[in-house]
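An overview of the molecular structure
So the chains spell out like this:
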Amino acid sequence: MKKYSRDLVEKYINGEDIEDYSLDELENDKNFMMLVISQTTDRKMYNYCSESVKSDYEFVKYVILKFKSDINFITQVADHFFDNKNLYEERLELSIIMSDLTKADPELLEKYAVMREGLYLLNQVKVDIIKRAIEDPKAADKIGEGFFISYDSYNHSEIILNFLAKKCIKEIFEKHNLEKALHNDFTSPEEIDKSGLNVYLLKIIGMYDQTLASYVATHIKLLNDARENVKKIQRTWVQYKHKEEAERYEIMLERVHEYMKQFNSAFDETFLLYYIGNELGISDKIAEYDCVDEELYESIMDDIRTSSEEYVEINLGDFNERVHYNTVEKIMRETIFGKNYELEENPDEQDKPSNSPKVITLNFKNKKN
């Protein structure tokens, strides 16, 4: 790499005579032209570069990042490179860079994202093929999201690895349901702030892919999107609690109704629902989600207070009625209070990781691109 003096660069910029170099020689040297652009911050200097320099990946990347706010200009620079350069990984890296810089323009984003999204889909296919080829389910499960395949193929490119890592992280937190996990693991938004959020997020990632967790631990900025999602969840903490509660009560009411509809019980459904609800301390909540107005609610509760003991005692003397009572009570208790209760009727178990949270330590060194 030649070293050029500041005086030489200024002479070129000012159009003065240069004795030791020809203009063709200087304009065919990416390092010299990068010095010129750095000193002038003039995008027009790009036009003086030779075709060889305009097709040099390091130079193109420098120019695009230098003038990243001028979308029209950088798209011209990038398109010229794509039209004249065929090295796959250079084109892939630039497509990732351009996708990030043009994400505000859907048309441009679609144009530049094709290659990077294709890479991710190809990696997913590779992981799926490897998992299918392994007969031992436990061994296949240890492959996780398959980030070790990405690392083995692209450990020389931080740009590519970071893109693939971000995609994997996004899929993990979608499968894991980050919002639900936070509400299960913390009692308030303030408790999250005190917990050490990066460690918490890394543990979740480690449950799905230990290699990925180790890589992210040394590239912690990859958690920025997840951290932003956590902030959104914290801002809507109360709303989520109310929504979750409403879903539980709606499911409970439906299940009780479906159960009582199947049997000819001596118990009246409404009486039994509110009697047990009163015993559990949730009769007011039942009324709220059962869309019962205050006057009707008070009437139901008056009936329970005046006739409940004798009415319930007589009916519970019958074995079948006791079974009905206990079944309804169990439905209500487990739906509303059950620790392991899932809102989904048939949760998809295949997306749940079987390996315990663990982050292994690997030596991921930062690489310059």
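Residues numbered from 1 in each chain as written. Predicted model: local features only at pLDDT ≥ 70, side-chain atom pairs only at ≥ 80, totals over all residues. Heavy atoms only, no water.

Regarding the side chain of serine 50
We apply this condition: By the criteria applied, helices consist of DSSP H or I runs no shorter than four residues and strands consist of E runs no shorter than two, each listed in order from the N terminus. Contacts are residue-level and defined by heavy atoms, with any inter-residue pair within 4.5 Å sufficient.
Among the structural elements, serine 50 can be located in the loop between helix H3 (30–40) and helix H4 (51–54). In this structure serine 50 touches Glu27 and Asn28, once residues within four positions along its chain are discounted.

Section: the layout of surface pockets
Applied cut-off: Here a cavity is any set of points on a 1 Å grid over the protein atoms alone where a 1.4 Å probe fits but cannot get out, and a pocket is any open set with protein on both sides within 12 Å along at least 5 of 7 lines; a residue lines the site when it has an atom within 4 Å of a point. Grid points are joined across faces, edges and corners, and a volume is the space filled by probe spheres set on the points. Here the term charged refers only to Asp, Glu, Lys and Arg, the term nonpolar to Ala, Val, Leu, Ile, Met, Phe, Trp, Tyr, Cys and Pro, and the term polar to all other amino acids, Gly among them.
Of the volumes computed, that of the largest pocket is approximately 1,200 Å³. Asp100, Asn162, Lys166, Leu222 and Asp225 are the residues nearest the centre of the largest pocket, which is lined by 37 residues in total. Where the lining of the largest pocket is concerned, the elements lending two or more residues are helix H5 (57–66), helix H7 (88–101), helix H8 (106–133), helix H11 (158–176), helix H12 (178–185) and helix H16 (224–235). Examining the composition of the lining of the largest pocket, we find that 11 residues originate from one element, H11, more than from any other. Residues belonging to the lining of the largest pocket are distributed by class as follows: 15 nonpolar, seven polar and 15 charged.

With respect to helix H10 (residues 147–154)
Convention followed: Throughout, exposure labels follow a simple rule: accessible area from a 1.4 Å probe, protein chains only, divided by the maximum for the residue type, with under 20% read as buried, over 50% as exposed, and the rest as partly exposed. The directions from the helix axis to the C-beta atoms form the arc being described.
Regarding H10, the residues found buried are Phe147, Ile149, Ser150 and Tyr154. With its buried residues spanning 155° around the axis, H10 presents them on a single face. Looking at the buried residues of H10, the elements they touch are H7, H8, H11 and helix H15 (210–217).

Some thoughts on the confidence of the model for the protein
Put simply, the rule is: Here pLDDT means the predictor's own confidence in every residue, given as a number from 0 to 100.
Taken residue by residue, the protein gives an average pLDDT of 87. The fraction at 70 or more is 91%. Across the protein, H5 holds the top mean pLDDT of 97, while helix H9 (residues 137–141) sits lowest at 74.

A short note on the pattern of salt bridges
Operational definition: Think of a salt bridge as a Lys or Arg side-chain nitrogen and an Asp or Glu carboxyl oxygen that are within 4 Å of each other.
This model, assessed by the stated rule, comprises 19 salt bridges. Among the salt bridges present, the one from glutamate 117 reaches arginine 116, with a minimum N-O distance of 3.1 Å. Looking at glutamate 117, the relative accessible area reads 25%, which means it is partly exposed. Ionic pairing is found between lysine 167 and glutamate 117, a salt bridge with its closest N-O pair at 2.9 Å.

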